[in-house]
Amino acid sequence: MTHLPDTGYTPTAEDRASLDAWFAEYDAASGKRDIERMADLAVFPLNLVSDDSAGDGRSAQWDRERFVAVMTQVMGEGSQDITFESTRTPVFLSPSMAVVFTDSTMTADGGSQQLRYADILLRRDGKWAFQTMIQSGWGDNLG
């Protein structure tokens, strides 16, 4: 069993339900390769943290235009939707900030890939949006 850190804030059922609903919407947009809708669910400039092929840590800030361009290239075009089976572990820092750790299996065009990543999400005006993406192995794309 995973023991979450004591952040001083105990999320409500609504906190968790609203975060789960946000991820369902984001996964649906990702599955359809709807990059513009994915961008609608972010706060820009978006922070990205990764490591590169040399093993060095990398970070970048992307505007919406860069996010759309890179994600379009990474997700590519496909004739079939992408599916995700994900287990998420949110750590709420407050009612409006959460760090979410995700273990996911992504299936696209007949192949599957295991993903492990973290996102930092903010809730503004009652709606969640991701502000920081953290995942190993993408640093060469952050230049």
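The structure displayed is predicted, hence computed values, not measured ones.

Definitions and cut-offs
Residues numbered from 1 in each chain as written. Predicted model: local features only at pLDDT ≥ 70, side-chain atom pairs only at ≥ 80, totals over all residues. Heavy atoms only, no water. Salt bridge = Lys/Arg side-chain N within 4 Å of Asp/Glu carboxyl O. Helix = DSSP H or I, 4+ residues; strand = E, 2+ residues; numbered from the N terminus. Buried < 20%, exposed > 50% of the residue type's maximum accessible area, 1.4 Å probe, protein only. Expected span 1.5 Å × (residues − 1). Contact = heavy atoms within 4.5 Å. Core = buried A, V, L, I, M, F, W, Y, C linked by side-chain atoms within 4.5 Å. pLDDT = per-residue confidence, 0-100. Phe/Tyr/Trp six-rings, centres within 6.5 Å; stacked < 30°, edge-to-face > 60°.

> Can you walk me through the pattern of salt bridges in this structure?
Pairs may arise between side chains of opposite charge once their charged atoms sit close together. This structure, assessed with the given rule, holds 10 salt bridges. The salt bridge partner of R88 is D27, with a shortest N-O separation of 3.2 Å. Of the two residues, R88 is situated in strand β3 (residues 83-94) and D27 in helix α1 (residues 13-31); the sequence distance between them amounts to 61 residues. The same class applies to R88 and to D27, which are both buried. The salt bridge partner of R116 is D103, with a shortest N-O separation of 2.5 Å. Residue R116 is found in strand β5 (residues 111-124), and its partner D103 is found in strand β4 (residues 97-108); the two are separated by 13 residues along the sequence. A relative accessible area of 62% means that R116 is categorised as exposed. Overlapping salt bridges, with partners in common, bring together E25, E36, R37, D40 and R64 in one network.

> Hey, could you run me through helix α3 (residues 64-75) in this one?
Residues spaced three or four apart along an α-helix face the same direction, because each turn holds 3.6 residues. For α3, built from 12 residues, the straight-helix expectation of 16 Å at 1.5 Å per residue is met to within 8% by its first-to-last C-alpha distance of 16 Å. Next to the buried residues of α3 lie α1, α2 (35-40), β1 (42-51), β2 (57-62) and β6 (127-135). Immediately downstream of α3, the backbone of G76 shows phi near 65°, a positive value.

> Can you help me understand the nonpolar core in this one?
If you look at soluble globular proteins, the nonpolar side chains tend to sit buried side by side. Membership of the largest hydrophobic core comes to 32 residues, with the highest contact counts inside it found for L19, W22, M38, F67, L121 and F130. Leave out the neighbours within four places in its chain, and W22 touches L41, L121, W128, A129 and F130.

> Would you mind going over the confidence of the model for the chain with me for this structure?
Should the pLDDT be low somewhere, the predicted coordinates at that spot are not to be read in detail. Per-residue pLDDT for the chain averages 89, and the proportion of residues at 70 or more is 95%. Mean pLDDT across the elements of the chain bottoms out in β4 (87) and peaks in β1 (96).

> What should I look at first to understand the packing of aromatic side chains in this one?
The description of two aromatic rings rests on the distance between their centres and on the angle between their planes. Enumeration according to the criterion identifies 7 aromatic pairs in this entry. For the ring pair W22 and F23, a centre distance of 4.8 Å and an interplane angle of 90° mean the geometry is edge-to-face. Of the two residues examined, W22 and F23, each falls in the buried class. Ring centres 6.1 Å apart and planes at 70° place the aromatic pair F92 and W128 in the edge-to-face group. Taken together, the positions of F92 in strand β3 and W128 in strand β6 put the pair 36 residues apart, joining distant regions of the chain. Each member of the pair F92 and W128 is classed as buried. The rings of W22, F23, Y26, F44, F67 and F130 are connected pair by pair, giving a single aromatic cluster.

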